[in-house]
Protein chains: 2
Amino acid sequence: MAERTHVTLQDVARAAAVSPATASRVLNGTAKVRDDLRERVQDAAGRLAYAPNAHAQALAGASRPTVGVICHDVSDPYFAVIARGIMRVAGDNGLLVMLASTFRDADREVAYVSMLRAQRAPAILLIGSGFEDKTWERSLAAELGPYLRGGGRVAVVSRHRSLRVDSVLPENRAGAAALANALLEMGHRRFAVLAGPRALTTVADRIAGFRSALAGAGVPLSEEDIVECGFTRDGGYAGMSSLIDRGMRATCVFAVTDVMAIGALTALRDKGLSVPGDVSVAGFDDIPIVRDLTPPLTTVALPLEQLGEQAMELALRENSGRRSRIVRVEGRVVIRESTGRVRS
Amino acid sequence: MAERTHVTLQDVARAAAVSPATASRVLNGTAKVRDDLRERVQDAAGRLAYAPNAHAQALAGASRPTVGVICHDVSDPYFAVIARGIMRVAGDNGLLVMLASTFRDADREVAYVSMLRAQRAPAILLIGSGFEDKTWERSLAAELGPYLRGGGRVAVVSRHRSLRVDSVLPENRAGAAALANALLEMGHRRFAVLAGPRALTTVADRIAGFRSALAGAGVPLSEEDIVECGFTRDGGYAGMSSLIDRGMRATCVFAVTDVMAIGALTALRDKGLSVPGDVSVAGFDDIPIVRDLTPPLTTVALPLEQLGEQAMELALRENSGRRSRIVRVEGRVVIRESTGRVRS
DNA sequence: CTGAAAGCGCTTACAG
DNA sequence: CTGAAAGCGCTTACAG
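As annotated in an unreviewed UniProt entry, chain A carries the name HTH-type transcriptional regulator DegA and is attributed to Kibdelosporangium persicum.

Focus on the interface of chain B and chain A
Accessible area lost upon the coming together of the parts serves often as the stated size of an interface. The interface is formed by 58 residues belonging to chain B together with 57 residues belonging to chain A. Counting each side, the surface lost to burial between chain B and chain A is near 5400 Å², with a carbon and sulfur contribution of 57%. Linking chain B to chain A there are four salt bridges. Residue assignment for the side of chain B that touches chain A shows that the elements contributing at least two residues are helix 4 (54-59), strand 1 (66-71), helix 5 (77-92), strand 2 (96-101), helix 6 (106-118), helix 7 (134-149) and helix 11 (258-270) of chain B.

Overview of the side chain of D292 of chain A
Mapped onto the elements of the fold, D292 of chain A is located in the loop between strand 9 (280-282) and strand 10 (299-301). The exposure class of D292 of chain A is buried, given its relative accessible area of 6%. Those residues in contact with D292 of chain A that sit more than four places away from it in its chain are R233, I262, T266, R269 and L293 of chain B.

Observations regarding the packing of helix 2 (residues 20-28) of chain B against helix 3 (residues 35-48) of chain B
Packed helices, taken two at a time, are described by the angle their axes make and the gap between the axes. All names here are of chain B. Their axes nearest at 9 Å, the elements helix 2 and helix 3 cross at an angle of 80 degrees. What the angle tells us is that helix 2 and helix 3 run roughly perpendicular. Touching T22, A23, V26 and L27 of helix 2 are L37, R38, V41, Q42 and A45, all from helix 3. When the residues that make up the contact of helix 2 with helix 3 are grouped by side-chain class, the tally is six nonpolar, two polar and one charged.

Focus on the UniProt feature "domain: HTH lacI-type" (unreviewed entry) in chain A
The positions that UniProt labels "domain: HTH lacI-type" (unreviewed entry) are, in the present scheme, residues 7-61 of chain A. Summarising residues 7-61 of chain A: 67% helix, 0% strand, and an end-to-end C-alpha distance of 21 Å.

Side note on the protein's contact with DNA strand C
Taken together, 24 residues lie around DNA strand C, and T22 and R25 of chain A together with L9, S24 and Y50 of chain B are the ones closest in. Here DNA strand C approaches the protein such that, of its atoms within 4 Å, sugar and phosphate make up 68%. Measuring from a phosphate oxygen of DNA strand C, one finds a side-chain N or O atom of S19 of chain A at 3.2 Å. A56 of chain B places a polar main-chain atom, nitrogen or oxygen, 3.3 Å from a base nitrogen of DNA strand C. Among the elements of the structure, helix 2 (20-28) of chain A together with helix 2 and helix 4 of chain B are those that each provide at least two residues to the surface near DNA strand C. The residue makeup of the surface near DNA strand C, split by class, is 13 nonpolar, seven polar and four charged.

Section: the pairing of strand 3 (residues 123-127) of chain B
All names here are of chain B. Burial of strand 3 is extensive: five of the five residues sit out of reach of the surface. Neither face of strand 3 is left uncovered, since the one carrying A123, L125 and I127 and the one carrying I124 and L126 both have all their residues buried. Of the strand pairs in this sheet, strand 1 and strand 3 are connected by three bridges, and their pairing is parallel. In the sheet register, V69 faces strand 3, and the bridge partner there is L125. As judged from the five bridges shared by strand 3 and strand 4 (residues 153-157), these two strands associate in the parallel manner. Its bridge partner lying in strand 4, L125 is registered against A155. For the handedness criterion, the β-α-β arrangement of strand 3, helix 7 and strand 4 is classed as right-handed.

What counts as what
Residues numbered from 1 in each chain as written. Chains lettered and ligands numbered in written order. Predicted model: local features only at pLDDT ≥ 70, side-chain atom pairs only at ≥ 80, totals over all residues. Heavy atoms only, no water. Contact = heavy atoms within 4.5 Å. Buried area = accessible area lost by both parts, 1.4 Å probe. Salt bridge = Lys/Arg side-chain N within 4 Å of Asp/Glu carboxyl O. Helix = DSSP H or I, 4+ residues; strand = E, 2+ residues; numbered from the N terminus. Buried < 20%, exposed > 50% of the residue type's maximum accessible area, 1.4 Å probe, protein only. Axes fitted to C-alpha atoms, helices over the stretch in contact; angles between N-to-C directions. Parallel < 35°, antiparallel > 145°, perpendicular 65-115°, else oblique. Nonpolar A, V, L, I, M, F, W, Y, C, P; charged D, E, K, R; others polar. UniProt positions renumbered as here; feature names shortened; annotations may be inferred. Near = heavy atom within 4 Å. Polar contact = N/O pair within 3.5 Å; in protein donor to acceptor, adjacent residues only side chain to side chain. Pairing = 2+ DSSP bridges. Right-handed = clockwise from strand over helix to strand, strands pointing away.

Structure, rendered in structure tokens:
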């Protein structure tokens with residue numbers, strides 16, 4: 001490998017025949033400098049293609065303008081929309097944003113937090129449901145605590161409360177309950193649920209909300225009606241397929257995320273079943289693509305972009321109180337053509 | 001804001017009653033240290049929740065394990081799959097990956113490169129078509145050149161060659177030509193193209209390939225048959241809508257990306273036209289979601305994940321030669337149900 | 001306004 | 001094996 005050789009402030013100062021201090025002041029605009037010196041410095045910097053060493057700057061006390069955002073998978077459309085909101089607010093505040101995917105690997109998540117902490121990033125955002133996992137939470141808290149005490153800002157979206165940091169929380173229970181009520185209203189009485197891992201708080205909350213609304217109407221939802229499958233499009237496909245294979249009795253299937261519902265719809269198509277003719281399907285989140293499906297998907301719409309905006313704003317705005325702030329965000333049931341009335 | 005106060009190596013060393021040098025050696029495992037000292041250091045570090053300052057480490061010469069990846073929009077499914085490939089290879093090599101979205105803003109792109117350069121990231125990857133824009137290219141080259149000379153690694157995907165860096169290039173012309181031939185074979189003779197900005201090299205190449213294959217068969221493609229619209233799902237929707245409104249004569253529409261084709265399909269559905277009954281639709285890229293559309297989309301499949309893997313590998317593998325390396329990647333036509341034969 | 005100097009928190013030869 | 005010291009490249013009081 002070629003020698004790593006960099007142009008330094010020293011080099012620029014020397015070329016401009018000024019002190020490093022003066023060169024620094026010119027390049028950062030932190031103080032008035034005589035015109036001719038300023039020009040010489042700018043000239044030299046341009047000529048030498050000088051790029052300041054961010055590490056040295058940071059070490060010397062300059063502030064870092066790059067916030068870190070950690071999610072499970074940037075390619076998940078749910079996250080993608082949230083990220084857009086985060087970046088909008090960050091951009092408005094002159095901040096750059098760098099994203100990382102953990103693929104739900106706890107170690108990797110801690111590694112990213114640790115790296116961001118080591119880099120003294122001004123803020124860290126954690127997006128997406130956490131696991132009900134004490135060990136994981138503890139090692140995460142072990143990173144986050146000192147980071148916060150050191151002046152770092154943290155905000156999370158959809159994360160279990162026990163982290164005790166500023167949070168944006170979708171009303172998963174209420175949203176799922178509202179959806180259940182809408183489906184009951186359409187005449188459905190036999191349901192199945194495509195669930196992701198139950199240890200995910202988001203999954204648990206959505207199932208609980210859905211189930212309690214059904215219970216309120218005297219409609220049971222047994223454990224057999226709940227298929228636990230991957231929290232992905234392929235998971236939804238597999239879950240729906242097995243549901244069909246074992247002889248589904250449900251008139252309506254609730255997939256706990258739109259992404260899973262997409263897989264479910266394709267599984268139904270592949271098995272030759274029609275939606276909503278043979279069975280109705282509903283999801284949760286309202287990611288943009290569901291409008292392009294055939295039929296368009298009934299779902300609980302979360303203001304995803306706002307979720308991201310609010311999280312970034314929480315991280316930006318000083319928390320004057322002594323306890324963590326929580327912003328709760330409501331979902332709204334959107335009925336589209338993937339669900340139909342039951343002919344009685 | 002709370003005082004930013006951090007635990008330093010000094011603090012750990014003091015607490016363990018050793019020198020900073022020894023503490024450093026223990027924490028990095030760079031040299032043998034007597035067992036009792038080692039334990040004292042590890043104890044102290046744990047107790048104080050010590051996190052090394054990455055800036056100081058970097059400045060002192062340690063290597064940085066985080067590569068930067070810059071794309072137009074992480075939420076674009078095309079990029080998402082490529083990113084997965086990048087991350088797989090990076091993970092195998094013990095590297096962390098941070099992603100950034102530019103939203104096609106040249107200034108922002110340069111800002112990210114500059115930041116990564118300032119941070120002395122070991123490698124920078126640029127993903128996605130560039131504009132045919134000299135000014136942009138120049139300012140980018142002004143950052144990349146010194147970065148490379150300083151020992152940084154750069155690799156790009158789908159980027160115009162003039163940057164003169166290691167590249168992974170999909171065979172856009174050949175792929176589009178093969179698609180055109182397949183469609184001709186199905187009996188189509190009247191085509192329309194939904195194109196993104198012509199200044200994007202990817203768009204220009206795909207149109208050129210498509211058109212030249214048609215020309216080879218004596219089928220003209222006039223400028224009026226090409227609708228220039230946004231390089232997004234909404235662009236495809238708008239482009240298709242206007243095509244319909246002005247009285248489309250084509251039997252087959254080629255959208256230069258799958259993402260645009262998705263919008264086109266929905267526009268057709270909204271106008272009450274059936275695919276492929278009334279009109280056939282084809283895309284390019286083969287992003288995963290197109291299998292879930294109804295009907296599934298005919299397209300040119302690019303091995304997207306491999307594109308990312310190869311780019312990361314280029315950045316990792318020393319370039320012994322004096323010129324930049326180019327990896328060309330072929331597309332493969334995949335006929336699905338969104339295209340049909342023309343009954344003659 | 002400008003410069004010399006100290007200091008940010010590490011790592012790594014260099015001595016012992 | 002261990003420690004004192006120099007140095008990485010900046011910024012910012014502190015003097016002038």
